[in-house]
Amino acid sequence: MTALKPRAAGTAAELLDAELGGGVLGSRYRALSVGIVSVVLLIAFEATAVGTAMPVAARELRGVELYAFGFSAVFTTSLFGMVVAGQWADRRGPLGPLTAGISAFAAGLLLCGTAGTMWLFIGGRAVQGLGGGLVIVALYVVVGRAYPQRLQPGVLAAFAASWVIPSVIGPLVAGTVTEQLGWRWVFLGIPTLVLVPLVLALPAIRRTASGPVEAAGDDRAAVRAARFDGRRIRLALAISLGTGLMQYAAQDLRRLSLLPAAVGAALLVPAVRGLLPRGTYRAARGLPSVVLLRGIAAGAFISAESFVPLMLVTQRGLSPTLAGLSLAVGGATWALGSFVQSRPRVEPYRERLAVAGMVLVTAAIAAAPTVLIPSVPVVVVAVAWAWGCFGMGLVISSTSVLLLKLSPPEESGTNSAALQISDGLSNVLLLATGGAAFAALGGGAVGAHTVTASVAAQGSHAPAFAAVYVPMAVVALVGVWVATRLGAPKSG
């Protein structure tokens, strides 16, 4: 049986240009780098801006009770999009899923901006999520195919840096547009930014990373490899439906919710086992541990971060603006951590960087709830979260680099999809678990007060917040151990 082999890397002149120092913004890669970073910038701006307009949109569309589904719809369909993109990119190249993803992302925004009912708005968010899932996996395949290994950490660092400016100006711009022009223009305005990625990225991708991975010989294995894996597509549908049911059950804490939760789990467990690398949940060395660490780090950190503003507002009396600013520096330190891991001199120590990053993440999550003690300064959260974000920059980018390093060219799309599934699925499951524990210990009463009410009037809900942070710190601590198992298993 003959093995699959990657497309030719390029002419001798192109290889010489890369070896002589053609960087990410060198003449050979400039258009491609600017184009794909623009795609990430677009996604980042949407993610930070839309959240500001969502409450106004839900109220105007008389669908406040469906508010959470405006977010969960994006995640649910993105899981399906990730699997389809992995299959599509491995068999036909990343150009198709990237083009389709950007188009669907823009179409979803337009549908949201013109929606007359909340359910139509949620439908637009679902289309948007499908596009986002296609795009993110296709981008990883582009990085793996178009750039030499020495440049890949730098490209991924640029992806992280692309979130810094949107995280600062996104909510401000969206708030101003919402107040002056209306919430619809937040959604209708973003699609105009699609033109830049299309003009810059797609021609460069067509030249450097288009087409399928070529097969050596004409045997049955090569023919099968060119076809879509119907089983994985069915598993993708199962994971999306199962996740949606689990989210619904977590938002409706009644006995009747046990039924959709059970059905969701029955769909979710076998689907996840089939879509993630074998050995993921026992932290087998190499690729399985890389995928597992990505989920642990993202799920624990993001779940903990989601409760920081609420904790500062209700337990320490900060205004929503000040509570948000306490996390603002995190975008910069996250980018800094990603930049540090991209330096060539640290490449031999990548696994140690991941361990150090998870130690910082664990310490940040453990330190955050100390502000529930009145004598602890609030600035502790800002400092802890800055270091935690630095650790996340080290971990998230390093897992992406290691995934591309450990993936054969013909499996880079499938494995990239597995990495993103681990990330997104862990986010929603740990957030749902933390939210349920928070509500069970009386945290739901926090929402019964206005954000301007005094802390004394609202009372202390320290146990409810502790029920979120302590388990997430334990999960992150497990991630420290998983980070020691990222190296490929030794043969023989």
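Note that this is a predicted model, so its numbers are computed, not measured.

Visitor: Quick one: what's the story with the overall build of the protein chain, residue by residue and with numbers?
Guide: Looking only at helices and strands, the protein chain has 21 helices and zero strands in total. Buried positions account for 50% of the 492 residues belonging to the protein chain. Expressed as a percentage of contacts within the protein chain between residues at least 6 apart in sequence, the contacts between residues at least 24 apart total 82%. Accessible area for the protein chain stands at about 21,500 Å²; split by element, carbon and sulfur atoms hold 68% of it.

Visitor: I'd like to hear about helix H12 (residues 258–275), residue by residue, with values.
Guide: Between its terminal C-alpha atoms H12 stretches 25 Å, which fits the 26 Å expected from 18 residues at 1.5 Å a residue. Buried residues of H12: Pro 260, Gly 264, Leu 268, Ala 271, Val 272, Gly 274 and Leu 275, and no others.

Visitor: With reference to specific residues and values, describe the nonpolar core.
Guide: The biggest cluster of nonpolar side chains holds 123 residues, and the ones touching the most others in it are Ile 36, Phe 121, Met 358, Ile 365 and Trp 385. Other than its neighbours up to four places away in sequence, Trp 385 contacts Phe 301, Ala 304, Glu 305, Val 308, Leu 327, Ala 364, Ile 365 and Ala 368.

Visitor: Lay out helix H19 (residues 412–440) with the relevant residues and their values.
Guide: The end-to-end C-alpha distance of H19, which contains 29 residues, comes to 42 Å, matching closely the 42 Å that a straight helix rising 1.5 Å per residue would cover. One or two steps after H19, the chain reaches Gly 442, where phi turns positive at roughly 90 degrees.

Visitor: Explain the packing of H12 against H19 to me, and be specific about the residues and the numbers.
Guide: At a minimum axis separation of 10 Å, H12 and H19 run at an interaxial angle of 150 degrees. For the element pair H12 / H19, the angle class is roughly antiparallel. Seen from above, H12 lies across H19 with left-handed handedness. Of the residues in H19, those touching H12 at Leu 268, Val 272 and Leu 275 are Ala 418, Ile 421, Leu 425 and Leu 429. Per-class residue counts for the contact of H12 with H19 are seven nonpolar, no polar and no charged.

Visitor: Describe the packing of aromatic side chains, listing the residues and the values that go with them.
Guide: In the structure shown here, the tally under the stated rule is nine aromatic pairs. For the ring pair Phe 438 and Phe 465, a centre distance of 4.9 Å and an interplane angle of 65 degrees mean the geometry is edge-to-face. With a gap of 27 residues between them, Phe 438 in helix H19 and Phe 465 in helix H21 (residues 462–482) connect regions that are remote in the sequence. Among the residues examined, Phe 438 registers a relative accessible area of 7% and is labelled buried. Aromatic ring contacts, followed pair by pair, group Phe 121, Trp 183 and Phe 187 into a single cluster.

Visitor: Residue-level account of the side chain of Ser 397, with values.
Guide: Summarising the element assignment, Ser 397 is placed in helix H18 (residues 379–406). The class for Ser 397 is buried, based on a relative accessible area of 5%. Once residues within four sequence positions are removed from consideration, Ser 397 is found in contact with Leu 156, Ser 338, Gln 341 and Met 392.

Visitor: Kindly report on the environment of Arg 343, identifying the contributing residues and their values.
Guide: Relative to the helices and strands, Arg 343 resides in the loop between helix H16 (330–341) and helix H17 (350–367). Between the alpha carbons of Arg 343 and Leu 151 there is a distance of 9.6 Å; along the sequence they are 192 residues apart. Within polar-contact distance, the side chain of Arg 343 engages the side chain of Ser 342 at 3.4 Å.

Visitor: Describe in detail the pattern of salt bridges, supporting the description with residues and values.
Guide: The full count for this structure, using the stated rule, is three salt bridges. Of the charged contacts, one joins Arg 125 and Glu 46 as a salt bridge, the two residues approaching to 3.0 Å between their closest N and O atoms. Within this pair, whereas Arg 125 is found in helix H5 (residues 118–146), its partner Glu 46 is found in helix H2 (residues 30–60), the two being separated by 79 residues in sequence. Residue classification places Arg 125 among the buried residues on the basis of a relative accessible area of 5%. Classification of Glu 46 as buried rests on a relative accessible area of 7%.

Visitor: Describe the packing of H16 against H18, listing the residues and the values that go with them.
Guide: For the pair H16 and H18, the least separation of the axes is 7 Å and the interaxial angle reads 40 degrees. As summarised for this structure, H16 and H18 are arranged oblique, according to the angle between their axes. Seen along the crossing, H16 lies across H18 with a hand that is right-handed. For the pair H16 and H18, contact is made by Gly 330, Thr 333, Trp 334, Leu 336, Gly 337, Ser 338, Val 340 and Gln 341 and by Ala 386, Cys 389, Phe 390, Met 392, Gly 393, Leu 394, Ile 396, Ser 397, Ser 398 and Val 401, respectively. Of the residues that constitute the contact of H16 with H18, the class distribution is 10 nonpolar, eight polar and no charged.

Visitor: How would you sum up the environment of Glu 351? Please name residues and give values.
Guide: Structurally, the position occupied by Glu 351 is in helix H17. Expressed as a C-alpha distance, the spacing of Glu 351 and Thr 484, which sit 133 residues apart in the sequence, is 6.8 Å. Discounting residues that sit within four places of it in the chain, Glu 351 has contacts with Ala 483, Leu 486 and Gly 487.

Visitor: An account of unusual backbone geometry is needed here, citing residue identities and associated values.
Guide: In this structure, Ala 283 is a non-glycine residue whose phi angle is positive, near 55 degrees. Position of Ala 283 among the secondary structure elements: in the loop between H12 and helix H13 (287–306).

Visitor: Account for the confidence of the model for the protein chain, naming residues and giving values.
Guide: Model confidence for the protein chain is summarised by a mean pLDDT of 79, while 83% of its residues fall at 70 or above. Under a pLDDT of 50 for its full length, residues 215–225 has, in the predicted model, 13 contacts with residues more than four places off or in other chains. Throughout residues 447–459 the model reports pLDDT below 50, and contacts reaching past four residues in sequence, or to other chains, amount to 14 contacts.

Visitor: Describe a nonpolar patch on the surface, listing the residues and the values that go with them.
Guide: Where nonpolar side chains cluster on the molecular surface, the patch consists of Val 470, Val 474, Val 478 and Trp 481 and spans about 370 Å² of accessible area. In this structure, Val 474 sits in helix H21. Judged by its relative accessible area of 48%, Val 474 is partly exposed.

Visitor: Outline the side chain of Ser 162, supporting the account with residue identities and numerical values.
Guide: If you trace the backbone, Ser 162 turns up in the loop between helix H6 (152–161) and helix H7 (164–180). Here Ala 158 takes part through its backbone oxygen, which lies 2.8 Å from a polar atom of the side chain of Ser 162. Those residues in contact with Ser 162 that sit more than four places away from it in its chain are Val 37, Val 40, Leu 41 and Ala 44.

So, how was this worked out
Residues numbered from 1 in each chain as written. Predicted model: local features only at pLDDT ≥ 70, side-chain atom pairs only at ≥ 80, totals over all residues. Heavy atoms only, no water. Helix = DSSP H or I, 4+ residues; strand = E, 2+ residues; numbered from the N terminus. Buried < 20%, exposed > 50% of the residue type's maximum accessible area, 1.4 Å probe, protein only. Contact = heavy atoms within 4.5 Å. Areas by Shrake-Rupley, 256 points an atom, 1.4 Å probe, with all protein chains shown as cover. Expected span 1.5 Å × (residues − 1). Core = buried A, V, L, I, M, F, W, Y, C linked by side-chain atoms within 4.5 Å. Axes fitted to C-alpha atoms, helices over the stretch in contact; angles between N-to-C directions. Parallel < 35°, antiparallel > 145°, perpendicular 65-115°, else oblique. Left-handed = near helix turned anticlockwise from the far one by under 90°. Nonpolar A, V, L, I, M, F, W, Y, C, P; charged D, E, K, R; others polar. Phe/Tyr/Trp six-rings, centres within 6.5 Å; stacked < 30°, edge-to-face > 60°. Polar contact = N/O pair within 3.5 Å; in protein donor to acceptor, adjacent residues only side chain to side chain. Salt bridge = Lys/Arg side-chain N within 4 Å of Asp/Glu carboxyl O. pLDDT = per-residue confidence, 0-100. Patch = residues over 30% accessible without salt bridge, like charges linked within 9 Å, V, L, I, M, F, W, Y side chains within 5 Å.

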